[in-house]
Amino acid sequence: MRDPQEPSGGIHPLLAGRFSPHRFDPSAVVDDRALGLLLEAARWAPSAGNSQPWGFFMARPGEPEHDRLLPHLAPSSARWAVDAGLLVVTLTRRHFDDTPLLYSEFADYDLGQAVAHMAVQAQALGLATHQFRAFDLEGLTKELGPNPGWVIVSMVAVGGAAEGPPEGRHRRTAAHLRSAPWSPAE
Ligand SMILES: Cc1cc2nc3c(=O)[nH]c(=O)nc-3n(C[C@H](O)[C@H](O)[C@H](O)COP(=O)(O)O)c2cc1C
């Protein structure tokens, strides 16, 4: 019988092959073409009312922008993110016109889809991605100073994986996805 902890053979290899490495190859570069395609993939994500509430700060090792990001990594992510060929800070526009009253209910949802597009495009380019929240949000927000209404949500390390998928990855079963919202508390 199929191991429920292995991706089903039926899903697309780009999805089945994706994992978040904890080691990147520092010699694997993300060139301008790849960087452009990652943005292009994000651009074509769906969003509520076609609001496209996403934005990205991108930096590669050797670029001055990269030095602005490194001090804000948490010790846990710094261990592997520094070796990635590209660091992406993801932002969403949660509030309009600098007022907390006008709020886009779907801004984070839409950003997540754009990042998922980016992750699959990276995979198609032979690049791995590791999304993470292990950074100093307040410090990074001060550093990058996004416009009012915009908030930093996550970061993504993109590059050549220097390891394969880990043993013992865990996923809930497909059946669980359909029953969990109605099941008694676990
Ligand atoms: C929003 C978000 C935040 C995450 N934060 C971290 C993090 O701070 N540190 C980390 O090592 N991984 C982080 N991850 C990666 C997840 O741990 C990882 O995707 C999950 O364990 C499943 O593993 P896989 O991506 O290899 O399938 C994050 C992922 C997402 C989507």
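Here the structure is shown first, and the text comes after it.
Conventions used here
- Residues numbered from 1 in each chain as written.
- Predicted model: local features only at pLDDT ≥ 70, side-chain atom pairs only at ≥ 80, totals over all residues.
- Heavy atoms only, no water.
- Helix = DSSP H or I, 4+ residues; strand = E, 2+ residues; numbered from the N terminus.
- Rg over C-alpha atoms; globule rule 2.2 N^0.38 Å.
- Buried < 20%, exposed > 50% of the residue type's maximum accessible area, 1.4 Å probe, protein only.
- Contact = heavy atoms within 4.5 Å.
- 1 Å grid on protein atoms, 1.4 Å probe; cavity = no way out; pocket = protein on both sides within 12 Å on 5 of 7 lines; lining within 4 Å.
- Points joined across faces, edges and corners; volume = space filled by probe spheres on them.
- Nonpolar A, V, L, I, M, F, W, Y, C, P; charged D, E, K, R; others polar.
- Expected span 1.5 Å × (residues − 1).

Asks: Even after reading the chapter, I still don't get the overall build of the chain, so can you show me in this structure?
Replies: What the chain contains, in helices and strands, is seven helices and five strands. When the helices and strands of the chain are placed in sequence order, the string is α-β-α-β-α-α-β-α-β-α-β-α. Here the C-alpha atoms of the chain give a radius of gyration of 18 Å, agreeing with the 16 Å that 2.2 N^0.38 yields for 186 residues. Considered along the principal axes of its C-alpha atoms, the chain spans approximately 50 × 45 × 30 Å. Counting the 186 residues in the chain, one finds 35% classified as buried. Put simply, of all contacts in the chain between residues at least 6 apart along the chain, 78% involve residues at least 24 apart.

Asks: Any chance you could explain empty space enclosed by the protein here in plain terms?
Replies: Using a probe with the size of a water molecule, rolled over the atoms, empty space left in the structure can be pinpointed. Overall, the coordinates contain one cavity of 30 Å³ or more when judged by the stated rule. Here the largest cavity is characterised by a volume of approximately 40 Å³. Looking at the largest cavity, the residues that line it are V115, M118, A119, T129, Q131, V156 and V158. Elements that contribute at least two residues to the lining of the largest cavity include exactly α5 (107-124), β4 (128-132) and β5 (150-161). Take the lining of the largest cavity: its biggest share by element is three residues, from α5. Residues belonging to the lining of the largest cavity are distributed by class as follows: five nonpolar, two polar and no charged.

Asks: Got a minute to help me understand α5 in this structure?
Replies: In an α-helix, one turn spans 3.6 residues; hence positions three or four apart end up facing the same way. Between the first and last C-alpha of α5 there are 26 Å, a value that for 18 residues agrees with the 26 Å anticipated at 1.5 Å per step. What α5 keeps buried is the set A107, D110, L111, A114, V115, M118, A119, A122 and Q123. After α5 finishes, the residue G126 shows a positive phi value of roughly 80 degrees.

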